[in-house]
Each structure stands twice: as structure tokens, then as C-alpha cells.
Amino acid sequence: MSTSKRRIRKAVFPVAGLGTRFLPATKAMPKEMLTVVDRPVIQHVVDEARAAGIEHFIFITGRNKGVIEDHFDSMFELEQTLQQRGKMSELELLARDLPGAGQTSFTRQQAPLGLGHAVWCAREIVGDEPFALLLPDMLHAAAKPCLADMIEAYEAHGGNHIAVAPVPEDQTHQYGIVGVEDVKAKVSRITKMVEKPPRGTAPSNLHITGRYILQPEIFDLLGKQTKGAGGEIQLTDSMITLAEAANQPFHAVRFDGQIYDCGSKIGFLTANLAYALAREDLAPALRAELRKLV
Ligand code: G1P
């Protein structure tokens, strides 16, 4: 059993999804590059990882996702033009967001076989160390970034950690759901996990929100994982094996902030409004416009 507390240095971002729910916007542009205010969705999630001390950013991409790689690179012509025009604050903004040399890796998921398969594609780059996994569709807004909270819990307990939050009972079938020892605790041992339980069978209303800290033993299990819910290779199924057969501890870390599911149109639109309303430079004017609209 591994309860290693090696530092979490690497984070995996699965960004291979087709984005069919946003067509035609995502016909030629990855859904992860849709903007929430003035930053792409994927940038917000990378920001969260950086704020938690992550040093290496691993993207599981697919066909037509090349622009994500460009986004996390420097852009010489643009920077030179900004320099010539004296646009120093824009230049600083770009420099601040740029990952350091060698801090990004990109690999392709060659077939859309599911989240579990996407994570497995990161095995060679992650190697034999615990890592963070962030699902970019899910924006987690809070004063303290969700992953920072999780790393703190990990440093106290070791093992595997999953961020959870309550959802209405009629939505539990859409998510991974966990049962825990103490539903009120900030951090609690997980006693059960199930991916997309049929209506009325969920062990609780705590859903897996898309932030994980996992031990590297997950990769061997993912490599052998058979198809689960929706005919896809499910990460949750391998986590169940890691907990039950390999006897590794799993903890749920309750996230108390706001979650915006940017994989859905309403979640994405709401995220734009919420993030803009949180900005001093935009909120007053936006509020006035909203009053006219609704
Ligand atoms: C995935 C996970 C699920 C989790 C969800 C959060 O599902 O398999 O456990 O609750 O992300 O968004 P998907 O959204 O890929 O169907």
C-alpha cells in the first residue's frame, strides 16, 4: 500500500474532448480555448494548478488541439509588436502567464476511449510519482484554489484525494458519486465510489467535481481497465480497484466554492457573468447592461 507523501509537482489536463455541445463554435477551435471573460477556460484551470505550486503541466490533446500548445508558448512577433508600441502591461500579462521552459508536455490521445484512457496516456510523462489531475470543463472558483486545498489535505493524510461537492439528488446520475465516513467533515475517508449511478441508487449526493490527487499505481490499473459507464474506459472504475483491491486510501475533500461546468452552455455563460462580476474593471458597467436586458 502506498501512502507516499512525495510532493505533487505534475498536473495532468485532459483536453482531447470534441466539444460537440458547442458546435459550431468548436468546429475549428478547441472548446478549452473558449474564453471566460478574457482568459481561455484552460488558462483558468492552469492558473489554479500554478497557484497550488504545480511545476509541470501535462496536456492530453487530440487532433485539432494544436492551438492549446501555441497558447502556452511565447509568440515572438506579437511580443515584438507590443514592445514597439510601448504596450508594457500587455507584455507583462503575457510574460506572467507563460510557463517556464520545459514545464509543459503534450501528448495525444489517439482515440476517444474515455477519461480513464486519456489519463493513462500521461503515464510515461508522469512516471512513478503522485500527480494532480484537473478536468478543464469544471471551473472551481474560490478564494483559496481547490487544488491548493487538496494538496494541503494530501500533505496531512497522503494517499489519494478527490474533490467533492453536493449536487441535487436528481443530478447524481450525471457524475461520479462517493460515499464518505463523515459527510460534514472537510476531509473524510471515502467508503464507496460509483460512476454515474442509475437514478435512486447513489450512495450520497457528493459528486466528483473534477480535481484529483492520485498515486501512480493508477496507471497499471487504467492500462487493464475494461469499458464501463457509457461504453468508455472510466477513471472511477480504476480508482475503485485501487481502493478495494490494492487497499489504497482515498479521501474526499469538500469544495465549498462555486463550480461552473463549462462543458454545458448554461454553465459556460454563467461562468462568464460570474467571473466578470467579480472584476472591478467590468462589474459596474456589466451590471448596468444586465439590468437593461433582464
Ligand atoms: C467525469 C468523471 C466523473 C466526474 C465528472 C466531473 O465525467 O468521470 O466522475 O463527476 O467528470 O465533471 P464526464 O464529465 O467526463 O462524463
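Presented here is a report on the structure given in the accompanying data block.

## With respect to unusual backbone geometry
With an omega dihedral of 5°, the bond running from Leu23 to Pro24 counts as a cis peptide bond. Relative to the helices and strands, Pro24 is located in the loop between β1 (10-14) and β2 (35-36). Unusually for a residue other than glycine, Val37 sits at a positive phi of about 60°. For Val37, the position within the fold is in the loop between β2 and β3 (39-40). Take Val37: its relative accessible area is 24%, and that puts it in the partly exposed class. Positive phi, close to 60°, is recorded for Asn247, a residue that is not glycine. Within the element layout of this structure, Asn247 appears in the loop between α9 (235-244) and β12 (250-254).

## So, the pattern of salt bridges
Oppositely charged side chains can pair when the atoms bearing their charge come close. The final tally for this structure, using the stated rule, is 16 salt bridges. Among the salt bridges present, the one from Glu129 reaches Lys10, with a minimum N-O distance of 3.5 Å. Of the two residues, Glu129 is situated in the loop between α6 (123-126) and β6 (131-134) and Lys10 in strand β1; the sequence distance between them amounts to 119 residues. Across the pair Asp149 and Lys144 runs a salt bridge, and its minimum N-O distance is 3.2 Å. A relative accessible area of 36% places Lys144 in the partly exposed class. Salt bridges sharing common partners tie together Lys144, Asp149, Glu152, Lys186 and Asp256.

## Some details on the nonpolar core
In terms of nonpolar packing, the biggest core is built from 38 residues, with Phe13, Ile54, Phe59, Leu139 and Leu147 touching the most fellow members. Among the secondary structure elements, those contributing two or more residues to this core are β1, α1 (41-51), β4 (56-61), β6, α7 (146-157) and α10 (265-277). Of the residues forming this core, the biggest block, 7 residues, is contributed by α7. Apart from the residues lying within four places of it in its own chain, the contact partners of Leu139 are Val36, Val41, His44, Val45, Arg211, Gln258, Ile259, Tyr260, Cys262, Ala271 and Tyr275.

## A word on the side chain of His117
Considering the arrangement of structural elements, one finds His117 in helix α5 (residues 115-120). What His117 contacts, discounting residues up to four positions off in sequence, is Gln109, Ala111 and Ile233.

## Remarks on the site of the ligand
Neighbouring the ligand are the residues Leu115, Leu135, Met138, Tyr175, Gly176, Glu195, Lys196, Ile208, Tyr212, Gln234 and Thr236. The contact in question runs from an oxygen atom of the ligand to an N or O atom on the backbone of Gly176, over 3.0 Å. In this structure, an oxygen atom belonging to the ligand sits 2.6 Å away from a main-chain N or O atom of Ile208. When the free accessible area of the ligand is taken as 380 Å², the share hidden by the protein chains comes to 75%. Of the residues in the shell around the ligand, the class split is 6 nonpolar, 3 polar and 2 charged.

## Describing a nonpolar patch on the surface
Among the surface-exposed residues, Met75, Leu78 and Leu94 lie close enough to one another that they form a single nonpolar patch of about 230 Å² accessible area. Inspection of the secondary structure assignment puts Leu78 in helix α3 (residues 76-84). Judged by relative accessible area, which is 37%, Leu78 ranks as partly exposed.

## As for the environment of Ile240
With respect to the element layout, Ile240 can be found in helix α9. Owing to a relative accessible area of 18%, Ile240 belongs among the buried residues under this scheme. A sequence separation of 47 residues divides Ile240 from Met193, and the C-alpha atoms of the two residues are 6.4 Å apart. In this structure Ile240 touches Met193, Val194 and Ala245, once residues within four positions along its chain are discounted.

## Looking at the state of the cysteines
Two cysteines whose sulfur atoms are joined by a covalent bond form what is called a disulfide. Applying the stated criterion across every chain yields a total of 0 disulfides. Here Cys146 is not disulfide-linked; the sulfur of Cys262 is the nearest cysteine sulfur, at 15 Å. Its relative accessible area of 3% is what places Cys146 among the buried residues. For Cys262, a relative accessible area of 5% puts it in the buried group.

Calculation criteria
Residues numbered from 1 in each chain as written. Predicted model: local features only at pLDDT ≥ 70, side-chain atom pairs only at ≥ 80, totals over all residues. Heavy atoms only, no water. Helix = DSSP H or I, 4+ residues; strand = E, 2+ residues; numbered from the N terminus. Buried < 20%, exposed > 50% of the residue type's maximum accessible area, 1.4 Å probe, protein only. Salt bridge = Lys/Arg side-chain N within 4 Å of Asp/Glu carboxyl O. Core = buried A, V, L, I, M, F, W, Y, C linked by side-chain atoms within 4.5 Å. Contact = heavy atoms within 4.5 Å. Near = heavy atom within 4 Å. Polar contact = N/O pair within 3.5 Å; in protein donor to acceptor, adjacent residues only side chain to side chain. Areas by Shrake-Rupley, 256 points an atom, 1.4 Å probe, with all protein chains shown as cover. Nonpolar A, V, L, I, M, F, W, Y, C, P; charged D, E, K, R; others polar. Patch = residues over 30% accessible without salt bridge, like charges linked within 9 Å, V, L, I, M, F, W, Y side chains within 5 Å. Disulfide = S-S within 2.5 Å.

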